[in-house]
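Tertiary structure, described
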Amino acid sequence: ASDRDYKKTLYFYKKACDVNDYMAYSDLGAMYFDGKGVKKDYKKAFASFSSSVDGGDAQGPRYLGIMSENGLGVKKSLDDAAFYYEIGDSSGDLTSRYNLGKIHEKAGDYARAVELYKKTDGRMDKITAPMYEALGDLYAAGKGVEKNTKEAKEWYEKAVKSGSQEAQEKIA
């Protein structure tokens, strides 16, 4: 998009934020987060995403979690990231669910990661593919579940059917 398009977009997002359009707060936050049409500014991104969360936007918590997990504009904190990902997961954001599962894996709480990933079973698309692949990895390693290579293969196959190229390489 051109600079002119971004300026127009920025103008309309700010107008929408003035009337508490919470999705606009999330979109504005993404512009600051990515530096699209504006100077990258994590502090402004965090503030915009926080406002979007206040209104119940499902994507805002994901970005707050990413920012907290990686220390982007805020102090790095896995506890804060997990908090935001929990909000996103409860709002139906599957990327928040996946990221929350990964945090539980890092903390050694594999059973909770398995539980989170399995909540997605039945949906087949590129958003769920990483969760199916993660389940395959956990079954293959026996983390949070009893080691089961047959079960691991079934999860990898689901991941492939959902669009994962990486899981194809793990099917023996």
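In what follows, the structure referred to is the one given above.
Within each chain, residue numbers correspond to sequence positions counted from 1 in written order. Reporting of local features is limited, given that this is a predicted model, to residues whose pLDDT is at least 70; pairs of side-chain atoms are given and counted only at 80 or more, and all residues count toward the totals for whole chains, interfaces and linings. Each side-chain value is worked out from all heavy atoms of the structure, with water and hydrogens disregarded.

1. Thoughts on the overall build of the chain
For the record, the criterion: Secondary structure counts use DSSP, requiring at least four H or I residues in a row for a helix and at least two E residues in a row for a strand, with both numbered from the N terminus. Each residue's exposure class comes from its accessible area (1.4 Å probe, protein chains only) as a fraction of the maximum for that residue type: buried when under 20%, exposed when over 50%, partly exposed otherwise. Note on definitions: a residue-residue contact is assigned when non-hydrogen atoms from the two residues lie within 4.5 Å. The Shrake-Rupley method, run with a 1.4 Å probe, gives the accessible areas here. Residue values count only the displayed protein chains as cover.
Check the secondary structure of the chain and you find 10 helices and zero strands. In sequence order, the secondary structure elements of the chain are arranged as α-α-α-α-α-α-α-α-α-α. Sorting the 172 residues of the chain into buried and exposed places 41% on the buried side. Intrachain contacts of the chain at a sequence separation of at least 6 include 40% that bridge at least 24 residues. With an accessible surface of roughly 9,400 Å², the chain has 49% of that area assigned to carbon and sulfur atoms.

2. Quick word on the environment of valine 53
Mapped onto the elements of the fold, valine 53 is located in helix α3 (residues 42–54). Note on valine 53: relative accessible area 18%, which makes it buried. Separated by 25 residues in sequence, valine 53 and leucine 78 place their C-alpha atoms 18 Å apart. Not counting residues within four places of it along the chain, the set of residues in contact with valine 53 comprises Gly60, Pro61, Leu64 and Ile87.

3. Things to note about the packing of helix α6 (residues 94–106) against helix α7 (residues 110–118)
Selection rule: Angles run from 0 to 180 degrees between N-to-C directions of axes, and those axes are lines fitted to C-alpha atoms, restricted for helices to the stretch in contact. Here the angle decides the label: under 35 degrees means roughly parallel, over 145 means roughly antiparallel, 65 to 115 means roughly perpendicular, and every other value means oblique. In this scheme the crossing of two helices becomes right-handed for a clockwise turn of the near helix relative to the far one and left-handed for an anticlockwise turn of less than a right angle.
Where α6 meets α7, the axes come as close as 7 Å, and the angle between the chain directions of the two elements is 165°. As judged from the angle between their axes, α6 and α7 are roughly antiparallel. As α6 packs across α7, the resulting crossing turns out to be left-handed. Residues Arg97, Tyr98, Leu100, Gly101, Lys102, His104 and Glu105 of α6 pack against Tyr110, Arg112, Ala113, Leu116 and Tyr117 of α7.

4. Considerations on the side chain of arginine 62
Applied cut-off: The definition of a polar contact used here is a pair of N or O atoms within 3.5 Å, where within protein one atom must be able to donate a hydrogen and the other to accept one, and adjacent residues in sequence count solely through side-chain atom pairs.
Its place among the elements puts arginine 62 in helix α4 (residues 59–70). Engagement of the side chain of arginine 62 in a polar contact is seen with the side chain of aspartate 93, the distance being 2.5 Å. In contact with arginine 62, not counting residues within four places along its chain, are Tyr85, Asp93, Thr95, Ser96 and Asn99.

5. Examining the packing of aromatic side chains
Applied cut-off: Think of it this way: a Phe, Tyr or Trp ring, Trp meaning its six-membered ring, pairs with another when their centres are within 6.5 Å, and the plane angle makes it stacked under 30 degrees, edge-to-face over 60, tilted otherwise.
Tallied over the entire structure, the rule returns 10 aromatic pairs. Plain terms: the ring middles of phenylalanine 49 and tyrosine 63 are 4.5 Å apart, the flat faces sit at 5° to each other, and that makes the pair stacked. Of this pair, phenylalanine 49 sits in helix α3 while tyrosine 63 sits in helix α4, and the two are 14 residues apart along the sequence. Accessibility classification places phenylalanine 49 together with tyrosine 63 in one group, the buried group.

6. Overview of the nonpolar core
Put simply, the rule is: Nine residue types can take part in a nonpolar core, namely buried Ala, Val, Leu, Ile, Met, Phe, Trp, Tyr and Cys, and a core is a set of them joined through side-chain atoms within 4.5 Å.
Counting residues in each nonpolar core, the largest one holds 20 residues, and the members touching the most others are Leu10, Tyr32, Phe33, Ala45, Phe49, Leu64 and Met67. Residue assignment for this core shows that the elements contributing at least two residues are α1 (3–18), α2 (22–34), α3 and α4. Of all the elements, α2 adds the most residues to this core, at seven residues. When near neighbours in sequence (up to four residues on either side) are disregarded, alanine 45 contacts Gly29, Tyr32, Phe33 and Met67. In terms of nonpolar packing, the next biggest core, distinct from the first, is built from 16 residues, Leu94, Ala134, Tyr139 and Ala167 among them.

7. Remarks on the environment of phenylalanine 12
With respect to the secondary-structure elements, phenylalanine 12 resides in helix α1. Its relative accessible area of 52% is what places phenylalanine 12 among the exposed residues.

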